[in-house]
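Inside the fold
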Amino acid sequence: VDWDRIAFFLHRANSPKDEATKQVKGEGNTALEHLVVHWNVNSRPQGADVYWRVISQTPEVKNQNYKYLETTPYEGSETLNIKGLTYNNAGLVQVEIKCEKTGYYTQTKKYDLLSLVDENDVSYMFRLVKEEE
C-alpha cells in the first residue's frame with residue numbers, strides 16, 4: 001500500500017482560498033466541504049417557513065430546487081456541500097433564502113456564495129407584510 005500517495009489525495013487545505021480550483025465532488029476532501037456556515041434567519045412575526053436553494057451562472061454548479069430548513073427563528077450550522085463548487089466559481093453562484101407564512105407575502109433574499117465563503121455567516125431578518133384581503 002502506497003500510504004504517501006493516499007495521504008497526498010486526502011490532504012486538504014485549511015482555507016478554500018488555498019485550493020481555489022479544487023472542485024466539490026461530495027467526497028469530503030475539500031476545504032469548501034468542511035467550511036461551516038452559521039445560519040441565523042428570523043422573521044416578524046415568527047413561525048414562518050424558511051427554504052433555501054442554489055442559483056448558478058456557471059455550468060459546473062447545477063441550480064437546485066428549494067429545500068426546507070425550518071420555521072423561524074432558525075439558527076444552525078451547515079457545511080457547504082454544493083457539487084461543482086470551487087472558490088474561483090463561487091462568485092457566479094448565489095444562495096437564495098425564501099421566507100413564507102400563510103396570510104403574508106413571500107419574501108426572498110439572495111446571498112453571493114463567495115461572500116458566504118469569506119464571512120461564514122447568513123443572518124437576516126424578514127419583516128413580513130400582511131396580504132391585503
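In this report, we go over the structure that sits alongside the text.

What counts, and at which threshold
Residues numbered from 1 in each chain as written. Predicted model: local features only at pLDDT ≥ 70, side-chain atom pairs only at ≥ 80, totals over all residues. Heavy atoms only, no water. Helix = DSSP H or I, 4+ residues; strand = E, 2+ residues; numbered from the N terminus. Buried < 20%, exposed > 50% of the residue type's maximum accessible area, 1.4 Å probe, protein only. Contact = heavy atoms within 4.5 Å. Pairing = 2+ DSSP bridges. Axes fitted to C-alpha atoms, helices over the stretch in contact; angles between N-to-C directions. Phe/Tyr/Trp six-rings, centres within 6.5 Å; stacked < 30°, edge-to-face > 60°. Lys NZ or Arg CZ within 6 Å of the ring centre and 35° of its normal.

With that out of the way, let us pick up the overall build of the protein chain. A count of helical and extended segments in the protein chain gives three helices and seven strands. Scanning the protein chain from its N terminus toward the C terminus, one meets helices and strands in the order α-α-β-β-β-β-β-β-α-β. Each of the 133 residues in the protein chain was classed as buried or not, and the buried ones make up 39%. Intrachain contacts of the protein chain at a sequence separation of at least 6 include 60% that bridge at least 24 residues.

Mapped onto the elements, Leu 35 comes out in the loop between helix H2 (31–34) and strand E1 (36–44). Put simply, Leu 35 and Asp 118 are 83 residues apart on the chain and 9.8 Å apart in space, counted from C-alpha to C-alpha.

What follows concerns the environment of Leu 128. By secondary structure assignment, the location of Leu 128 is in the segment after strand E7 (121–127). Among the residues examined, Leu 128 registers a relative accessible area of 10% and is labelled buried. The contacts of Leu 128, once residues within four sequence positions are left out, are Ser 43, Arg 44, Pro 45, Ala 48, Cys 99, Lys 101, Tyr 104, Tyr 105 and Gln 107.

Turning our eyes to something else, we now look at the sheet that holds strand E6 (residues 107–112). The sheet built from four strands is open, its strands ordered E3-E2-E5-E6 with antiparallel pairing. The two strands at the open ends of the sheet, each matched to only one other strand, are strand E3 (67–71) and E6. Pairwise comparison of adjacent strand axes, ignoring direction, gives a mean angle of 25° for this sheet. As judged from the eight bridges shared by strand E2 (residues 49–56) and strand E5 (residues 93–100), these two strands associate in the antiparallel manner. Looking across to E5, one finds that Val 54 is bridged to Val 95.

The next thing to look at is the pairing of E6. Direction of pairing for E5 relative to E6: antiparallel, over a ladder of six bridges. Paired with Glu 96 across the two strands is Lys 110, which belongs to E6. Connecting E5 to the antiparallel partner E6 that follows it, the hairpin turn spans six residues, and Gly 103 within it adopts a positive phi of roughly 90°.

In this structure the tally under the stated criterion is four aromatic pairs. The interplanar angle of 75° and the centroid separation of 6.5 Å between the aromatic rings of Tyr 51 and Tyr 66 together place this pair among those described as edge-to-face. Of this pair, Tyr 51 sits in strand E2 while Tyr 66 sits in the loop between E2 and E3, and the two are 15 residues apart along the sequence. You can call Tyr 51 buried: its relative accessible area is 18%. Here the aromatic rings of Tyr 124 and Phe 126 are separated by 4.9 Å at their centres, their planes lie at 70°, and the arrangement is edge-to-face. Assessed through its relative accessible area of 1%, Phe 126 is described here as buried. Within the aromatic cluster, the residues linked to one another by ring pairs are Tyr 51, Tyr 66 and Tyr 68. Taking the ring centre of Tyr 66 as reference, the NZ or CZ of Lys 98 above it sits at 4.1 Å.

Just geometry here; none of it tells us what the structure is for.
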